[in-house]
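A closer look at the structure
If you want the building blocks of each chain, they are given just below.
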Amino acid sequence: MKPEEIKIMFISPVHWENYPYRELVLPERLGNLGFKCVFLNPYRYKNWENTYRLRSYRKREAVKNVTVVDRMCSSKKSFKSFITESNDNCKKIEAYKPDFVYSSDHLMTWKAVKYAKQKKIPFIFDVTDDWSKADTSFSGQLLWKFINRKAIIRHAATIVTTSHKQYEFFKPKHPHVHLIPNAIDMSYAHSTNGFIKKTPGLKVNFIGNIRDWYDFDLLFDVFASLKELELNIYGEGPLYKTIKYKAQKYDNIFVHGSIDYSKVPNLIKESIIGIIPLKNNKLNESTMPIKLLDYWAASKAVVCTPTYEMQKSAGDAVLFANNHKQWQQQIMQLIHNSDLRKKLGEKAFHKAKNTFTYDIVTQKFVRIFDKN
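Each chain carries its own residue numbering, running from 1 in the written order of its sequence. With pLDDT at 70 or above as the cut-off, local features in this predicted model cover only qualifying residues; side-chain atom pairs require 80 or more to be listed or tallied, and sums for whole chains, interfaces and linings still use all residues. Computation of side-chain values covers all heavy atoms of the structure but excludes hydrogens and water.

Description of the side chain of Asp126
For Asp126, the location among the structural elements is in strand β5 (residues 123–127). Two residues qualify as a contact provided that any one of their heavy atoms is within 4.5 Å of a heavy atom in the partner residue. Those residues in contact with Asp126 that sit more than four places away from it in its chain are Arg22, Tyr102, Ser103, Ser104, Val160, Thr161, Thr162 and Phe365. Only runs of H or I of at least four residues qualify as helices and only runs of E of at least two qualify as strands under DSSP, and these elements are numbered from the N terminus.

Some remarks on a nonpolar patch on the surface
Together, Phe138, Leu142, Phe146 and Ile147 make up an exposed nonpolar region whose accessible area comes to about 410 Å². Residue classification places Phe146 among the partly exposed positions, given a relative accessible area of 46%. For patch detection, residues must exceed 30% relative accessible area and be free of salt bridges, and they are connected within 9 Å for like charges or within 5 Å for nonpolar side chains (Val, Leu, Ile, Met, Phe, Trp, Tyr). Here the accessible surface of atoms and residues is derived via Shrake-Rupley with a 1.4 Å probe, and residues count as covered only by protein chains that are part of the display. A pair is scored as a salt bridge if a Lys or Arg side-chain nitrogen falls within 4 Å of a carboxyl oxygen belonging to Asp or Glu. Burial classification: accessible surface area is computed with a 1.4 Å probe over protein chains only, and a residue below 20% of its type maximum counts as buried, one above 50% as exposed, and the rest as partly exposed.

Focus: the sheet that holds strand β1 (residues 7–11)
Note: two strands are recorded as paired if DSSP finds a minimum of 2 bridges between them. What the seven strands build is an open sheet, ordered β3-β2-β1-β4-β5-β6-β7; its pairing is parallel. The open sheet terminates on both sides in strands that have one partner only, identified here as β3 (66–69) and β7 (177–179). Ignoring strand direction, the axes of neighbouring strands in this sheet form an average angle of 20 degrees. Both strand β4 (residues 100–103) and β5 contribute to a ladder of three bridges, which runs parallel. Among the inter-strand pairings, Tyr102 is bridged to a residue of β5, identified as Ile124. Here an angle of 0 to 180 degrees is reported between the N-to-C directions of two axes, which are lines fitted to C-alpha atoms, with helices fitted over the stretch in contact. The strands touched by helix α1 (residues 22–32) are β1, β2 (36–40), β3, β4, β5 and β6 (158–161); relative to β2, the strand with the most contacts, the crossing angle is about 155 degrees.

Here we look at the pattern of salt bridges
By the definition in use, this model includes 17 salt bridges. Here Asp88 and Arg71 are joined by a salt bridge, their closest N and O atoms 2.9 Å apart. Highlighted residues: Asp88 in helix α2 (residues 79–96) and Arg71 in the loop between β3 and α2, separated in sequence by 17 residues. As far as the burial class goes, Asp88 and Arg71 line up, both buried. For Lys291, the salt bridge identified is with Asp294, shortest N-O distance 2.9 Å. Of this pair, Lys291 and Asp294 both sit in helix α11 (residues 290–297), separated by three residues, roughly a single helical turn. The buried category is assigned to Lys291, whose relative accessible area is 17%.

With respect to the packing of aromatic side chains
Two numbers describe a pair of aromatic rings. These are the distance of the centres and the angle of the planes. Ring pairs shown here join Phe, Tyr and Trp side chains whose ring centres sit within 6.5 Å, with only the six-membered ring taken for Trp; geometry is labelled stacked below 30 degrees between planes, edge-to-face above 60, and tilted in between. Enumeration according to the criterion identifies 15 aromatic pairs in this entry. Pairing Phe100 with Phe369 gives two aromatic rings, centres 4.9 Å apart and planes at 50 degrees, and the pair type is tilted. With Phe100 in strand β4 and Phe369 in helix α15 (residues 358–371), the pair connects residues that are 269 residues apart, well separated along the chain. Considered together, Phe100 and Phe369 belong to a single accessibility category, that of buried residues. An aromatic cluster of three or more residues is present, and its members are Phe10, Tyr102 and Phe365. Lysine NZ or arginine CZ positioned within 6 Å of the ring centre and within 35 degrees of the ring normal marks a charge as sitting over the ring. Across from the ring centre of Trp48, 3.7 Å away, lies the NZ or CZ of Arg44, which sits over that ring.

With respect to the nonpolar core
Take the buried residues of types Ala, Val, Leu, Ile, Met, Phe, Trp, Tyr and Cys, join any two whose side-chain atoms come within 4.5 Å, and each joined set is a nonpolar core. Grouped together as the largest cluster of nonpolar side chains are 91 residues, with contacts concentrated most on Phe223, Ile233, Ile275, Leu292, Trp296 and Ile331. Not counting residues within four places of it along the chain, the set of residues in contact with Phe223 comprises Val204, Leu229, Leu231, Asn252, Ile253, Ile275 and Ile331. By size, the runner-up hydrophobic cluster in this structure holds 25 residues, among which are Val25, Leu30, Val66 and Phe100.

Put into structure tokens, the structure is as follows:
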């Protein structure tokens, strides 16, 4: 079948106007190739403005061949609304009659994957995290571990994972498992390449979800001893108020709220290096941060924690640091050695360009559609 003859429905946990995560960029890219895409926005419940995944961080614009379906709910988020949204996903499959269903929603998939199989529609589930640990609610962890994950293994036509660890988990359990990593839009790279020094000091900018995936205490201790560097942290999340309060004790650490995605390129450009201070734990064994690719696309040398996934994906294109002393040494080595900084930045850029682009990732998904 030709792309224009294929309709793909996307069930996403994040709103279309959120940051351009993989489940948002993929339908855009497939739409440009001619595929007809239907993107189901998750329900916006009462007080949705306070929910990170449902908030708007970028202006909505029309995208070729992509239909965005908005869904609202007048009540608060609850078990009843969970069932209602799950049922509505099945109703939307029936109404739009897609040729494929793609989902990365680890909570809402349990019924849709069974319904799609019943209707003989290939269901592709994209595992973007280890949700048995990444979900912040205990009930969500249990739902994924004991119900949804089993339903996906049993009923999905194909399982895709962004991490090596999750690939290794699902591969023995399902006949069609693919490792497709996170990606970067290389048009973004052209707007970030280089380094701008706008102030007398040197900036290190970190942009991400402010949650316990990252070791902010370690980061604060490190930068407290690096007075010549200014650390700026941008984003929101469960730990935002806590780290903003802690930052008041330091003259060179500043915590900002969320920002419009259009401002990210300049902030990355102003950062002399990149940092990925992940906690080295079971959760982050399956974490491949998109922010690593943001730094790489901007030719930034990066210091990061040697988690299982980072060692597998980043290899020798970053500098690893385990503790306070190593973080301080690696950061200062990059600050004072411009040749090393440039060499690592160039290696990182080429690695991103040759492996982690949406052009490459989209074609991998197209091949999956061709096989089903």
